[in-house]
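So the chains spell out like this:
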Amino acid sequence: MNDKWTAQLSAYLDGELTADKRTDLERHVESCDECRTALQQLRGVVTWAADFEGREPANDVWPQIAAVIGDTPSGVVKLDARRRSPKHFALSIPQSLAAAIALAVVGAGGWSLARLTAPESQMAAVIDISAPDAGATVMATIAVAQKYGPAISDLERVLLQENGTLDSTTVRVLRQQLAIIDRALTEAQEALARDPASHFLADHYTGMMKKKLNVLRQAARNVEVSS
Amino acid sequence: MLLNILTGALMATALPQSTDTTFAVDPDLRLELRNSSGYIVVRTWDRNEIRVRADNIYRGGFVIEQTSSAVRLGVRSWDDDYDDVDYLLTVPASMALDLRSSDGDITVDGTRGEVNVRASDGDIIIRGGSGRVTAYTSDGSIIAEGVGGRIRLESSDGDITVEGASGDIEIEATDGTIELWEIEATSVRVNNVDGDITFDGVLASSGSYSLVTHDGDITMHIPEESGARVRLAMYDGDFSSNFTITFPSWPRGRRMEFTLGDGSAELVAETFDGDIMMRRR
Amino acid sequence: MTSLARELEQTPAQADAIDVDLAVNGDTQAFERLYRRHTPRVNSLARWLLSRDDVDDVLQDVFIRVWEKLDTFRGQAAFGTWLHRLATNVILRQRERYRKDEKRGSGSLLEVADMSASPVSPGLSIDIEAAVDRLPERARQVFVLHDLEGYKHEEIAQVLTISVGTSRSQLHHARMAMRSFFAA
Ligand SMILES: [Zn+2]
């Protein structure tokens with residue numbers, strides 16, 4: 001069973017032998033009972049594995065999954081009803097209760113009665129950190145972002161010109177990249193028009209402008225490296 | 001100094017040539033390799049030698065050049081262009097690597113030195129590495145595993161995965177999924193435009209973590225007992241968490257902040273169009 | 001086959017496609033049907049890749065992740081294929097964590113199983129499964145990834161950090177060790 005052919009049987013089954021080796025092996029298998037038997041059995045193994053349907057788990061974990069994905073209607077805090085798919089929920093009460101108990105034990109070194117009698121999990125203190133004079137700050141931020149404009153258009157013109165220094169693949173990737181960033185910029189701008197006081201949107205817009213400039217600079221650096 | 005290793009009759013023959021050559025090297029030097037297309041695979045060993053196996057050398061000769069700071073490998077061709085060669089290198093584990101390929105995957109396995117890899121079109125895999133590890137590909141994915149040093153990865157079009165890193169991490173991407181697993185870094189900065197971001201790791205006290213994308217979900221797997229000031233913003237998306245504390249409903253387009261534990265680290269997650277999920281690790 | 005599939009005379013794949021559509025829109029009952037249909041194979045996959053019997057946590061993780069990612073499934077492959085890829089990723093990641101834990105001494109059931117036990121009644125699937133249990137860990141992982149999950153040797157080499165050659169030879173050893181269950 002240890003002839004040099006045995007070792008090739010798996011590769012043969014998987015179609016990984018070269019044409020020459022395949023022919024040689026097939027010729028040998030015709031004359032060797034042991035190899036023929038082994039090949040048939042190996043085929044059985046491979047077929048069994050492909051058709052194997054698995055074994056039911058010892059425990060059904062669906063209840064735990066359902067609790068996390070929000071299939072338990074009671075005690076679930078739904079964050080936003082307007083969301084297109086009702087997917088992401090906070091934990092259901094029993095689990096957060098268990099977690100609270102665990103925390104109480106670990107944290108205080110003993111049972112905390114307050115925790116146990118108040119099963120509702122603690123509400124986080126969330127504060128809006130948008131600046132009070134957001135309007136003015138937003139305008140200033142956008143003004144800064146728009147200063148990148150000239151540098152960006154210069155680089156775009158040079159890098160994307162016909163018969164330029166960049167090869168066609170690089171230009172294609174660069175164009176795709178710029179299209180994605182431009183779409184993001186447009187979306188951020190439209191959002192700003194609807195919500196002109198959002199500091200987050202203004203920073204996001206600025207971040208995308210910086211990104212665009214960096215992408216162009218990186219491309220320009222590649223020209224220097226390769227030439 | 002120019003060491004010209006001749007690898008058989010390397011005249012302008014139509015048949016591709018191969019080489020398998022081993023030579024001594026000072027491991028403090030940097031290894032530089034330029035290739036036009038073909039894969040580059042680098043493995044390491046504990047010898048002060050480099051073994052080069054290269055296939056598909058059609059033109060010119062295989063050249064090893066040594067300067068005061070670097071060893072350069074390449075194929076000298078008739079038209080001063082780099083050839084399309086497949087390389088399998090075995091190098092001293094501590095050697096710094098500087099590898100470039102226009103078209104082809106680059107794999108570095110088990111190094112303990114600095115790594116700088118650039119591929120214009122191809123995937124990059126780096127396992128190991130320390131000091132400073134940088135990788136850039138304009139069209140391909142990047143995987144970095146078990147990197148000990150500072151990491152900077154950039155891909156224009158492709159996914160980026162980092163697993164098991166402890167040094168500072170900086171990732172720039174435009175179109176791809178970013179996943180960071182088992183992270184123990186004190187500084188993480190991910191900037192993406194179109195794609196999800198996943199962060200799994202511990203937050204060091206006074207560490208700084210910033211995850212920003214335009215179109216994609218952000219999932220953070222962090223210990224419930226983390227201490228951090230958390231700043232989140234979504235324009236079109238929801239925030240959800242399976243932490244013990246629950247959160248009030250989230251106003252869109254507003255930057256909101258809350259504190260976990262002692263609030264020592266800073267964690268920022270912002271997405272224009274996507275959900276933010278905070279999960280217990 | 002589920003009752004729904006039988007009613008509509010669907011193949012499991014067609015039933016999957018319908019249930020995925022429903023589940024993406026938040027139908028948790030449709031998602032439960034997907035869970036019931038696929039959990040046995042994912043369970044076996046997890047047990048074998050992780051070399052342990054208790055994989056409840058991993059199963060939960062897998063299906064929660066499937067739920068979260070469901071809207072990224074665009075029907076480019078069969079749902080089962082997509083799910084198994086995702087499941088394998090979650091399981092392999094978990095494997096890394098267990099490996100770290102093992103340094104602290106937590107054992108696993110499968111590993112202490114008697115490797116020399118001989119098959120009782122050849123051909124019975126339960127015995128074949130037991131034979132997979134008894135394969136050496138590395139051979140079992142390669143066999144499961146290649147023959148059950150359809151991974152290529154190059155991919156296996158990458159996820160298990162072994163060489164392509166090792167992957168090939170371990171697969172061959174695993175198959176050879178199991179072949180006695182199958183008639184020639
Ligand atoms: Zn034979």
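First things first, this report covers the structure right here in the doc. Just so it is clear, the model here is predicted, and its values are computed rather than measured.

Here the focus is the overall build of chain B. When its secondary structure is counted, chain B shows 0 helices and 27 strands. When the 281 residues of chain B are sorted by exposure, 62% land in the buried category. Taking the intrachain contacts of chain B between residues at least 6 apart in sequence as the baseline, contacts between residues at least 24 apart amount to 46%.

Moving on: the packing of helix 3 (residues 28-50) of chain C against helix 7 (residues 137-148) of chain C. Residues and elements named next belong to chain C. Closest axis-to-axis distance for the helix 3/helix 7 pair is 9 Å, and the angle between their directions is 150 degrees. As the angle between them shows, helix 3 and helix 7 are arranged roughly antiparallel. Between helix 3, through Arg 41, Leu 45, Trp 48 and Leu 49, and helix 7, the contact on the second element is made entirely by Arg 140, Gln 141, Val 144, Leu 145 and Leu 148. Of the residues assigned to the contact of helix 3 with helix 7, the class counts are 6 nonpolar, 1 polar and 2 charged.

So, about the layout of surface pockets. Considering only enclosed or pocket space, the second largest pocket measures out at about 840 Å³ in volume. Residue lining of the second largest pocket: 24 residues in total, with B:His221, B:Arg280, C:Asp57, C:Asp61 and C:Arg97 positioned closest to the centre. Contributions of two or more residues to the lining of the second largest pocket are made by strand 27 (276-280) of chain B together with helix 4 (56-69) and helix 5 (79-102) of chain C. Element by element, the count of residues in the lining of the second largest pocket is highest for helix 4 of chain C, at 7 residues. Taken together, the residues of the lining of the second largest pocket break down into 7 nonpolar, 5 polar and 12 charged.

Here we take up the packing of aromatic side chains. For the structure shown, the criterion picks out 12 aromatic pairs over all chains. Taken together, a centroid distance of 4.9 Å and an interplanar angle of 35 degrees make the contact between A:Trp48 and A:Phe52 tilted. Consider the rings of B:Tyr235 and B:Phe272, whose centres lie 4.9 Å apart with planes at 20 degrees: the pair is stacked. Of the two residues, B:Tyr235 is situated in strand 23 (residues 228-236) and B:Phe272 in strand 26 (residues 265-273); the sequence distance between them amounts to 37 residues. Its relative accessible area of 5% is what places B:Phe272 among the buried residues. By way of ring pairs, the aromatic residues A:Trp62, C:Phe31, C:Tyr35, C:Phe63 and C:Trp67 are connected into one cluster. Positioned above the aromatic ring of B:Trp45, the side-chain terminus of B:Arg47 is 4.1 Å from the ring centre. Lying over the aromatic face of C:Tyr151, C:Arg85 brings its terminal NZ or CZ to 3.8 Å of the ring centre.

Next up on the list: helix 7 of chain C. All names here are of chain C. Helix length check: helix 7, at 12 residues, gives a terminal C-alpha distance of 15 Å against a target of 16 Å (1.5 Å per residue), a fit within 8%. Among the residues making up helix 7, those that are buried are Ala 139, Arg 140, Gln 141, Val 142, Phe 143, Val 144, Leu 145, His 146, Asp 147 and Leu 148. Looking one or two residues past helix 7, Gly 150 carries a phi angle of roughly 70 degrees, positive in sign.

Tallying each qualifying case throughout the model produces 45 salt bridges over all chains. The salt bridge involving B:Glu163 is made with C:Arg93; its shortest N-O contact spans 3.9 Å. Here B:Glu163, found in strand 16 (residues 160-163), pairs with C:Arg93, found in helix 5, and the two come from separate chains. Between C:Arg93 and B:Glu179 there is a salt bridge whose closest N-O contact spans 3.6 Å. Here C:Arg93 is found in helix 5, whereas its partner B:Glu179 is found in strand 18 (residues 178-183) on a different chain. Residue C:Arg93 is classed as buried on the basis of its relative accessible area, which comes to 17%. On the basis of relative accessibility, which here comes to 15%, the residue B:Glu179 falls in the buried class. One salt-bridge network, held together by shared partners, links A:Lys211, B:Arg152, B:Glu154, B:Glu170, B:Glu172 and B:Arg189.

Cut-offs applied
- Residues numbered from 1 in each chain as written.
- Chains lettered and ligands numbered in written order.
- Predicted model: local features only at pLDDT ≥ 70, side-chain atom pairs only at ≥ 80, totals over all residues.
- Heavy atoms only, no water.
- Helix = DSSP H or I, 4+ residues; strand = E, 2+ residues; numbered from the N terminus.
- Buried < 20%, exposed > 50% of the residue type's maximum accessible area, 1.4 Å probe, protein only.
- Contact = heavy atoms within 4.5 Å.
- Axes fitted to C-alpha atoms, helices over the stretch in contact; angles between N-to-C directions.
- Parallel < 35°, antiparallel > 145°, perpendicular 65-115°, else oblique.
- Nonpolar A, V, L, I, M, F, W, Y, C, P; charged D, E, K, R; others polar.
- 1 Å grid on protein atoms, 1.4 Å probe; cavity = no way out; pocket = protein on both sides within 12 Å on 5 of 7 lines; lining within 4 Å.
- Points joined across faces, edges and corners; volume = space filled by probe spheres on them.
- Phe/Tyr/Trp six-rings, centres within 6.5 Å; stacked < 30°, edge-to-face > 60°.
- Lys NZ or Arg CZ within 6 Å of the ring centre and 35° of its normal.
- Expected span 1.5 Å × (residues − 1).
- Salt bridge = Lys/Arg side-chain N within 4 Å of Asp/Glu carboxyl O.

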